[in-house]
Amino acid sequence: MRTLFDQVGGFGFLSKVVLGFYDRVLDDDVLAPFFADTDMRRLIDHQTKFVAYLMDGPASYSDEHLRLAHARLGIDSTAFERMIGVMRSTLEDFGLRDRDVEVVVGRMRARQDVVVTAAHA
């Protein structure tokens with residue numbers, strides 16, 4: 001059985017999705033400040049691999065890795081939900097089926113406890 005990663009077209013497709021996602025994130029008043037001092041090229045590479053991992057592709061991320069990557073950012077539940085919404089709309093706009101969007105978003109949401117490090121603003 002082919003993975004969701006393979007079904008959508010692999011890294012070529014996911015690179016476009018992640019670029020579209022960050023275009024939206026950087027235009028968002030709530031989310032953009034989290035990326036003010038970020039090497040976006042490096043982040044996009046990591047995020048592409050992370051989304052591949054969420055789609056059962058050839059990448060691996062542990063909760064500890066995610067915790068360390070997000071610990072200093074002070075992300076609260078409001079920002080996390082906003083990011084989930086941006087990812088959902090990006091995946092939909094790139095033509096993913098509803099059930100596939102739900103898989104990716106559900107797997108992202110399952111990691112909320114390691115990404116959200118600040119109390120609600």
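For the structure itself, consult the block above.
Now for a quick tour of the structure. (Residues numbered from 1 in each chain as written. Predicted model: local features only at pLDDT ≥ 70, side-chain atom pairs only at ≥ 80, totals over all residues. Heavy atoms only, no water.)

Looking now at helix α2 (residues 10–26). Between its first and last C-alpha, α2 extends 24 Å over 17 residues, near the 24 Å set by a 1.5 Å rise per residue. Residues of α2 that are buried: G10, F13, L14, V17, V18, G20, F21, Y22 and V25. (Helix = DSSP H or I, 4+ residues; strand = E, 2+ residues; numbered from the N terminus. Expected span 1.5 Å × (residues − 1). Buried < 20%, exposed > 50% of the residue type's maximum accessible area, 1.4 Å probe, protein only.)

With that settled, the discussion passes to the environment of A79. By the secondary structure assignment, A79 is in helix α5 (residues 77–93). For A79, a relative accessible area of 4% puts it in the buried group. The spacing of A79 and T48 is 31 residues in sequence and 20 Å in space, taken between C-alpha atoms. When neighbours within four sequence positions are excluded, A79 is seen to be in contact with V30, L31 and F34. (Contact = heavy atoms within 4.5 Å.)

Moving on, we get to α5. The terminal C-alpha atoms of α5, which comprises 17 residues, lie 24 Å apart, in line with the 24 Å expected from a rise of 1.5 Å per residue. Within α5 the residues assigned to the buried category are A79, F80, M83, I84, V86, M87, T90 and L91. Around the axis of α5, the buried residues are gathered within 165° of arc, so they sit on the same side. Where the residues of α5 are buried, they touch α2, α3 (40–54), α6 (98–109) and α7 (112–115). Measuring from the side-chain oxygen of the N-cap residue of α5 to the backbone nitrogen of T78 gives 3.2 Å; that N-cap residue is D76. Backbone geometry just downstream of α5 places G95 in the positive-phi region, at approximately 90°. (Arc of directions from axis to C-beta. Polar contact = N/O pair within 3.5 Å; in protein donor to acceptor, adjacent residues only side chain to side chain.)

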